[in-house]
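An overview of the molecular structure
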Amino acid sequence: MGESIPQRPEEINRREVFRHWKIDTVMGKRTNDKVLLTITERLTRYEYMFVIDKKDCLSIKRYLIDLKNNIKRTFQRYSRA
């Protein structure tokens, strides 16, 4: 699990560097177990959104791995910046 918001480095709060991602889930009242997974890069505000079957670690991990595999070149290009 990541650091809590008050404990994260000030660099992240300033949004001056590409590579800091915020991940969150949104649950509706009538969606059964489905949730919206949002992944936002803090500098650019670029965002990915997925509907996932459950709000559990395994479901979220599977989508993160799929995302990384599908856009591997993008991850590699920006990880060198």
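To keep things clear, this report deals only with the structure shown in the data block. Given the structure is predicted, the values throughout are model-derived calculations rather than measurements.

Turning our attention to the sheet that holds strand β2 (residues 35-41). Sheet architecture is open: three strands sit in the order β1-β2-β3, paired in antiparallel fashion. Lying at the two open borders of the sheet, with one neighbouring strand each, are β1 (21-27) and β3 (47-52). Pairwise comparison of adjacent strand axes, ignoring direction, gives a mean angle of 20° for this sheet. As paired elements, β2 and β3 share six bridges and run antiparallel to each other. Along β3, the bridge assignment pairs Thr 38 with Met 49. With respect to the sheet, helix α2 (residues 57-70) is in contact with β1, β2 and β3, its orientation differing from that of β3 by roughly 135°.

About the thresholds
Residues numbered from 1 in each chain as written. Predicted model: local features only at pLDDT ≥ 70, side-chain atom pairs only at ≥ 80, totals over all residues. Heavy atoms only, no water. Pairing = 2+ DSSP bridges. Helix = DSSP H or I, 4+ residues; strand = E, 2+ residues; numbered from the N terminus. Axes fitted to C-alpha atoms, helices over the stretch in contact; angles between N-to-C directions. Contact = heavy atoms within 4.5 Å.

Read these as layout, nothing more, since geometry by itself doesn't imply function.
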